[in-house]
2 protein chains.
Amino acid sequence: MTTRPGGRSARVRDAVLAATYAELADHGYPALTVDAVATRAGVHKTTVYRRWGGVDDLLADALDQTRETPWPVPDTGTVEGDLVAVTVEIASAFGDAGVPTAVVAASFQSPRAALALQAFYAARQEEAAKVVVRAVDRGELPGGVDPVEVVRLACAPLYYRVFITREPVDAVVAERAAHAAIAAARAGVV
Amino acid sequence: MTTRPGGRSARVRDAVLAATYAELADHGYPALTVDAVATRAGVHKTTVYRRWGGVDDLLADALDQTRETPWPVPDTGTVEGDLVAVTVEIASAFGDAGVPTAVVAASFQSPRAALALQAFYAARQEEAAKVVVRAVDRGELPGGVDPVEVVRLACAPLYYRVFITREPVDAVVAERAAHAAIAAARAGVV
């Protein structure tokens, strides 16, 4: 079995992890089974058991793969444009039920998924913080700001609505969250 | 059976709902059973089945009871003091595993608990928004602010850390979140 990118092994992994996400979105974590994932991916279930073990391993590997997939950091020329692009993308991903929502729900039932999701968010926050670092370099934000904390402030209102208060999110909510984070950064709070 | 406050029926309800929260915190939603709740509350399980039905009814009624319990809105004299009091209380409640954390986790598995939790947060946000209304009356914040949105901004970073990125929360994080919301309100963003 080769593990080089694009080889058969990589193609099997792609198919199985995509099937894991699809099963999760369609049926939820409690109904996630290796059999259903294998059938959906078109591979034999012993292949899945041998390579991953069980559903928690599948889910953790899917999250790791997503984390390792390059994410294009917005670069619009202004911190407003960049942070709004980040929050609008989040609002779009979480606006309706689907894979991202199902993954967060699964993290409350699978400690392994919770750990993988924690690593995912840590990585994404670090990447998104580049837009704040650039803003400081351009003189748009004061030098003492904590770049990751600005990203947290911009993103938090969206997750809070979707997963805690279960209120709707849209582009208006996303833009306001980004502008609020920038206002806090300019006021020297973060 | 009487339903007057403080009567036997009210005492049974208090005992059963307290036992529901305790079982949830100790064992989680998937392990929540009417039998365990009844045993813990010291009542016969047929009493529970007759009055509530099942665990989802118990959990929804527990959340409704918590929502109806008066919550003392902070009144320190300044919007900074009031909003910090709100966020520090949240950080304290969610700082370690316990009932509040278990309830949010359960809401991902029980649609009835999710609805009850949504009503709970809507009510609490409305109450907490009184501190923003008072701040506007005192001239601390501009007249056009959305009081509930200021509360959302102050609370969201705490829930985001506890339930999404799984980063720690403490009084410092809570104070910063409150001050960031106030800065956004003063900047006219919300």
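Residues numbered from 1 in each chain as written. Chains lettered and ligands numbered in written order. Predicted model: local features only at pLDDT ≥ 70, side-chain atom pairs only at ≥ 80, totals over all residues. Heavy atoms only, no water.

Our focus in this paragraph is the overall build of chain A. Each helix and strand in chain A was counted, giving ten helices and zero strands. In chain A, the order of α-helices and β-strands from amino to carboxyl end is α-α-α-α-α-α-α-α-α-α. Summarising its shape, the C-alpha atoms of chain A cover approximately 55 × 40 × 25 Å along the three principal directions. Looking at chain A alone, contacts between residues at least 24 apart form 65% of all its contacts between residues at least 6 apart. Taking the 19 positively charged and 23 negatively charged side chains of chain A as two groups, their mean positions are separated by 7 Å. (Helix = DSSP H or I, 4+ residues; strand = E, 2+ residues; numbered from the N terminus. Contact = heavy atoms within 4.5 Å. Lys, Arg positive; Asp, Glu negative; His and termini not counted. Charge placed at Lys NZ, Arg CZ, Asp CG, Glu CD.)

Residue and element names in this part refer to chain A. Across the interface, helix H1 (residues 8-27) lies against helix H6 (residues 99-107) with an axial gap of 9 Å and an inter-helix angle of 80 degrees. As judged from the angle between their axes, H1 and H6 are roughly perpendicular. From H1, Tyr21, Leu24 and Ala25 reach across to H6, where they touch Val99, Ala102, Val103 and Ala106. Its residues assigned to classes, the contact of H1 with H6 comprises seven nonpolar, no polar and no charged. (Axes fitted to C-alpha atoms, helices over the stretch in contact; angles between N-to-C directions. Parallel < 35°, antiparallel > 145°, perpendicular 65-115°, else oblique. Nonpolar A, V, L, I, M, F, W, Y, C, P; charged D, E, K, R; others polar.)

To continue, consider the domain arrangement of chain A. The accessible area lost on association of the parts is a frequent measure of interface size. Residue and element names in this part refer to chain A. Here chain A is described as being made up of domain 1 (7-66) and domain 2 (73-186). Here the C-alpha centre of domain 2 lies 28 Å away from the C-alpha centre of domain 1. Taken together, the contact between domain 1 and domain 2 spans twelve residues of the former and 13 residues of the latter. Roughly 1100 Å² of surface becomes buried between domain 1 and domain 2 when both sides are summed, with 73% attributable to carbon and sulfur atoms. (Domains from an automatic or database assignment. Buried area = accessible area lost by both parts, 1.4 Å probe.)

What follows concerns the relation of the copies chain B and chain A. When chain B is brought onto chain A, the operation consists of a screw motion whose angular component is 180 degrees and whose axial shift is 0.0 Å, with 0.0 Å RMSD remaining. What we have between these two chains is a two-fold relation. When the interface residues of chain B are mapped onto chain A, 100% of them again lie at the interface, so the same face is used by both copies. (Least-squares fit on C-alpha atoms with pLDDT ≥ 70 in both.)

As a further point, take the side chain of Thr47 of chain B. For Thr47 of chain B, the position within the fold is in helix H3 (residues 45-51). Dropping the residues within four chain positions of it, Thr47 of chain B is found in contact with Val12 and Trp52 of chain B.

The end-to-end C-alpha distance of helix H7 (residues 111-128) of chain B, which contains 18 residues, comes to 26 Å, matching closely the 26 Å that a straight helix rising 1.5 Å per residue would cover. Regarding H7 of chain B, the residues found buried are Ala113, Ala114, Ala116, Leu117, Phe120, Tyr121, Arg124, Gln125, Glu127 and Ala128 of chain B. The inward-facing, buried residues of H7 of chain B contact helix H9 (147-165) of chain A together with helix H4 (55-68), helix H5 (79-94), helix H6 (99-107), helix H8 (130-137) and helix H9 (147-165) of chain B. (Expected span 1.5 Å × (residues − 1). Buried < 20%, exposed > 50% of the residue type's maximum accessible area, 1.4 Å probe, protein only.)

Under the defined criterion, the tally for this structure stands at 15 aromatic pairs over all chains. Judged by centre distance (5.0 Å) and plane angle (65 degrees), the ring pair of Phe94 of chain A and Tyr159 of chain A falls under edge-to-face. On the criterion of sequence distance, the pair formed by Phe94 of chain A in helix H5 (residues 79-94) and Tyr159 of chain A in helix H9 is long-range, its members being 65 residues apart. For Tyr159 of chain A, a relative accessible area of 6% corresponds to the buried category. Centre to centre, the rings of Tyr159 of chain A and Tyr160 of chain B are 5.2 Å apart; their planes meet at 45 degrees, and the pair counts as tilted. On the criterion of chain membership, the pair formed by Tyr159 of chain A in helix H9 and Tyr160 of chain B in helix H9 is interchain, its members lying in two chains. Accessibility assignment for this pair places Tyr159 of chain A and Tyr160 of chain B in one class, buried. We note Arg166 of chain A situated over the ring of Phe108 of chain B; from NZ or CZ to the ring centre the distance is 5.0 Å. (Phe/Tyr/Trp six-rings, centres within 6.5 Å; stacked < 30°, edge-to-face > 60°. Lys NZ or Arg CZ within 6 Å of the ring centre and 35° of its normal.)

On to the state of the cysteines. Here is the idea: a disulfide is a covalent bond, and it sits between the sulfur atoms of two cysteines. Scanning the entire structure with this criterion turns up zero disulfides over all chains. Free cysteine Cys155 of chain A: the closest other cysteine sulfur is in Cys155 of chain B, separated by 18 Å. A relative accessible area of 4% places Cys155 of chain A in the buried class. (Disulfide = S-S within 2.5 Å.)

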